[in-house]
Amino acid sequence: ERRPFAPGLENHHRSTNHFWGMEDLIFLDLKKPSKADLQKGLWAFISISYSREQADSHMPAIGEVHSLRESSRQISLKALSDANADDSVGLLARYARLLTSMGSRFGTAVDEALRRTEAQLAFTWNDALRPEAKCTLSQLGFERACAMFNLAAALSYRATIQNTADADGLRAACQDFQHAAGCLDAAVGSAAGTRWATYKGLTLDVRPAAFEGFRALMLAQAQRCFFERASRDAMKGAVVAKLAAQVGLFYKEAAGALKALRDACEREGPGGDAVEGPAKKKKANPYFQDPKANMTRDERERYQAETADKVAPPLLLSLIAQAEAQATLFESWAQFHAASEHEDAYEYGSQVARLRRASELVGEAAAKAAGVPGGEACALAMNTAANSIREAEAVAEKHNATVYIERVPPFSSLPTIEPKAIVRPTLPSELAPPAPPPPEEDDDGRDSALD
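Residues numbered from 1 in each chain as written. Predicted model: local features only at pLDDT ≥ 70, side-chain atom pairs only at ≥ 80, totals over all residues. Heavy atoms only, no water.

Asker: Got a sec to walk through the overall build of the chain? Specific residues and values, please.
Answerer: Counting its regular elements, the chain contains 13 helices and four strands. In the chain, once contacts between residues fewer than 6 apart in sequence are set aside, the share between residues at least 24 apart is 79%. Element-wise, carbon and sulfur atoms account for 52% of the exposed surface of the chain, whose accessible area totals about 21600 Å². (Helix = DSSP H or I, 4+ residues; strand = E, 2+ residues; numbered from the N terminus. Contact = heavy atoms within 4.5 Å. Areas by Shrake-Rupley, 256 points an atom, 1.4 Å probe, with all protein chains shown as cover.)

Asker: Any details on the nonpolar core? Residues and values, ideally.
Answerer: For soluble globular proteins, the rule of thumb is that nonpolar side chains tend to be buried together. Grouped together as the largest cluster of nonpolar side chains are 121 residues, with contacts concentrated most on Phe142, Leu151 and Phe214. Considering each element in turn, this core owes the most residues, 14 residues, to helix α6 (residues 140-160). When near neighbours in sequence (up to four residues on either side) are disregarded, leucine 151 contacts Val89, Leu92, Ala93, Ala96, Cys183, Pro428 and Leu431. (Core = buried A, V, L, I, M, F, W, Y, C linked by side-chain atoms within 4.5 Å. Buried < 20%, exposed > 50% of the residue type's maximum accessible area, 1.4 Å probe, protein only.)

Asker: Help me get a handle on the packing of aromatic side chains, residues and values and all.
Answerer: This structure, assessed with the given rule, holds ten aromatic pairs. Between phenylalanine 227 and tryptophan 333, the aromatic rings sit 6.5 Å apart at their centres with planes inclined by 45°, giving tilted as the arrangement. Of this pair, phenylalanine 227 sits in helix α8 (residues 208-232) while tryptophan 333 sits in helix α11 (residues 314-344); the two residues are 106 residues apart in sequence, bridging distant segments of the chain. On the numbers, 5.3 Å between centres and 85° between planes, the contact of tryptophan 333 with phenylalanine 336 is edge-to-face. Remark: phenylalanine 336 and tryptophan 333 occur in helix α11; sequence separation between them is three residues, near one turn of the helix. A relative accessible area of 22% places phenylalanine 336 in the partly exposed class. The residue whose ring lies beneath arginine 357 is phenylalanine 411, and the NZ or CZ to ring-centre distance is 5.8 Å. (Phe/Tyr/Trp six-rings, centres within 6.5 Å; stacked < 30°, edge-to-face > 60°. Lys NZ or Arg CZ within 6 Å of the ring centre and 35° of its normal.)

Asker: Can you break down the pairing of strand β3 (residues 123-126) residue by residue, with the values?
Answerer: Burial of β3 is two-sided: the residues Phe123 and Trp125 facing one way and the residues Thr124 and Asn126 facing the other way are all buried. Pairing of β3 with strand β4 (residues 134-137), which is carried by four bridges, proceeds in the antiparallel orientation. Note on β4: the bridge partner recorded for asparagine 126 is lysine 134. (Pairing = 2+ DSSP bridges.)

Asker: Tell me what's going on with the confidence of the model for the chain, and back it up with residues and numbers.
Answerer: On average, residues of the chain score 86 in pLDDT, and 82% of them are at 70 or above. When the elements of the chain are averaged for pLDDT, strand β1 (residues 4-6) gives the smallest value, 32, and helix α12 (residues 348-369) the largest, 97. (pLDDT = per-residue confidence, 0-100.)

Asker: Report on the state of the cysteines, specifying residues and quantitative values.
Answerer: Where two cysteines share a covalent bond between their sulfur atoms, that bond is called a disulfide. The tally for this structure, following the rule as stated, stands at zero disulfides. Here cysteine 225 stays unpaired: no disulfide links it, and the sulfur of cysteine 174, its closest cysteine neighbor, is 5.0 Å away. A residue is classified by how much of its surface remains accessible, and cysteine 225, at 2% relative accessible area, is buried. (Disulfide = S-S within 2.5 Å.)

Asker: Could you give me a rundown of the packing of α12 against helix α13 (residues 376-404), with the residues and numbers involved?
Answerer: Where α12 contacts α13, the two axes come as close as 8 Å, and the packing angle between them is 155°. Of the possible angle classes, the one that applies to α12 and α13 is roughly antiparallel. Crossing of α12 against α13: the hand is left-handed. Residues of the contact of α12 with α13, tallied by class, amount to 17 nonpolar, six polar and four charged. (Axes fitted to C-alpha atoms, helices over the stretch in contact; angles between N-to-C directions. Parallel < 35°, antiparallel > 145°, perpendicular 65-115°, else oblique. Left-handed = near helix turned anticlockwise from the far one by under 90°. Nonpolar A, V, L, I, M, F, W, Y, C, P; charged D, E, K, R; others polar.)

Asker: Any chance you could break down helix α4 (residues 85-106) for me, citing the residues and the numbers?
Answerer: With 22 residues, α4 should cover 32 Å at 1.5 Å per step; its first-to-last C-alpha distance of 32 Å lies within 8% of that length. Of the surrounding elements, those touching the buried residues of α4 are α1 (38-49), α3 (59-77), α5 (109-114) and α6. Backbone geometry just downstream of α4 places glycine 107 in the positive-phi region, at approximately 60°. (Expected span 1.5 Å × (residues − 1).)

Asker: Any details on the pattern of salt bridges? Residues and values, ideally.
Answerer: This structure, assessed with the given rule, holds 15 salt bridges. A salt bridge links lysine 31 to aspartate 205, with the shortest nitrogen-to-oxygen separation between them at 2.7 Å. Of the two residues, lysine 31 is situated in the loop between β2 (9-10) and α1 and aspartate 205 in the loop between α7 (167-191) and α8; the sequence distance between them amounts to 174 residues. Of the two residues examined, lysine 31 and aspartate 205, each falls in the buried class. The shortest N-O distance in the salt bridge between arginine 215 and aspartate 185 comes to 2.2 Å. Residue arginine 215 is located in helix α8, and its partner aspartate 185 is located in helix α7; the two are separated by 30 residues in the primary sequence. A single salt-bridge network, built from bridges that share partners, covers Asp86, Arg158 and Asp176. (Salt bridge = Lys/Arg side-chain N within 4 Å of Asp/Glu carboxyl O.)

Asker: Summarise the side chain of glutamate 393; cite the residues concerned and give the values.
Answerer: Positionally, glutamate 393 belongs in helix α13. Despite its burial, glutamate 393 pairs with no opposite charge; the closest candidate is arginine 356, at 4.9 Å N-O. Residues contacting glutamate 393, with those up to four places away along its chain left out, are Leu355, Arg356 and Ser359. (Lys, Arg positive; Asp, Glu negative; His and termini not counted.)

Asker: Got a sec to walk through the packing of α8 against helix α9 (residues 237-268)? Specific residues and values, please.
Answerer: Taken N-terminus to C-terminus, the directions of α8 and α9 make an angle of 160°; their axes are 8 Å apart at the nearest point. Our classification of the angle between α8 and α9 gives roughly antiparallel. Here α8 and α9 pass one another in a crossing that is left-handed. For the contact of α8 with α9, the residue count by class is 20 nonpolar, five polar and three charged.

Asker: If you had to explain the side chain of glutamate 143 to someone new, which residues and values would you point to?
Answerer: Relative to the helices and strands, glutamate 143 is located in helix α6. Glutamate 143 gets classed as buried once you look at its relative accessible area, which sits at 0%.

Asker: Break down unusual backbone geometry for me, citing the residues and quoting the values.
Answerer: Positive phi is not limited to glycine here, since tyrosine 346 has a value of about 60°. Structurally, tyrosine 346 is set in the loop between α11 and α12. The phi dihedral of isoleucine 405 falls on the positive side, at around 50°, and the residue is not glycine. Here isoleucine 405 is to be found in the segment after α13.

Asker: Describe α3, naming the residues involved and giving the relevant values.
Answerer: The terminal C-alpha atoms of α3 lie 27 Å apart, and with 19 residues this matches the ideal 27 Å at 1.5 Å per residue to within 8%. Where α3 is buried, its residues touch α1, α2 (52-57), α4, β3 and α6.

Given below as structure tokens:
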């Protein structure tokens, strides 16, 4: 089970992959839901929309839905572990699939039918980034987005416990990360165009920027698995360089989206305690002088970042710092592997130029990762990489200075490395709906409510 890694943060890395340099893989935390009486709400919906008789006849099925939600809730209240990861993924996927099916069948009809009635559903979820914050909304779409988030979190955890020292474990980790990205994509789909996604008090972890950032983070780690495999198999340097460049690009996208989320903390507050209905506009204070009013653009951006850091959750700030460090590190790895192509082509001056740039970049990456709370594994990976890259640079410099004596061209004159994406968001097979049975008709010719 996970244990505290730094004050106020949890260890979001695993140590089983240390030998292969993948001990800094990150998993998402589960959101914690409160109890919700689905049994009462669904019975009332069927009773209102169909008939009381149908509602009574579907009580066993309604009870199963309620029990599945409660089982999923219990998973979220406990720490994921190596022993329960597979079962947790299976159960969370079943609940997410059920909510998807209900959304396809009923749309927002459940929400509308129960609005302002005693049976109105209320779904309360805590923030995965700031656990003391929570929001309560009465919409199944919100519940589905949160369920998809938790499934993505469980998949990301399972990916980090795979034995990536062998090809099968690396393949399984890559697949789980892509599936996690697919679940986050589905969560974005649940939020698109919905009323709940615009609520002022929505927690940080289910805002669009969070979904985008976490999805890019999962794709970066899936692409890393391909990069690791290509590196171990000693594939051509040009191929490995392109894979590394794309890893860096995914990490850069993740950092950008999460920084936008951080900046929203300064503009809108960190969220939590959302309420139904549109947010009310605050009256302007005529005596208030906006400190950003007379700033230049650069000064304003710096002020917003500094202010946001005071209110943004520490875990979010840690993830941003680690993503930025990893983005720079994989730019470095791209240059490192591209340098081997120059060596094979007897272009020793260009090889040195690439390795010099790689050394500069890995130094920047190590500086970004240094001292980040909860990012000790990331910092260790940076230092290990820095040693390897600088050693290779020193050897190439020595050989060129004593044997080849080639002119070292400016780095800017070298060809740009084109990134190559191998991974994409995909949904896990557990979310595939079972083949639907033919609809049954009641005596009055209407379809059965939950068939």
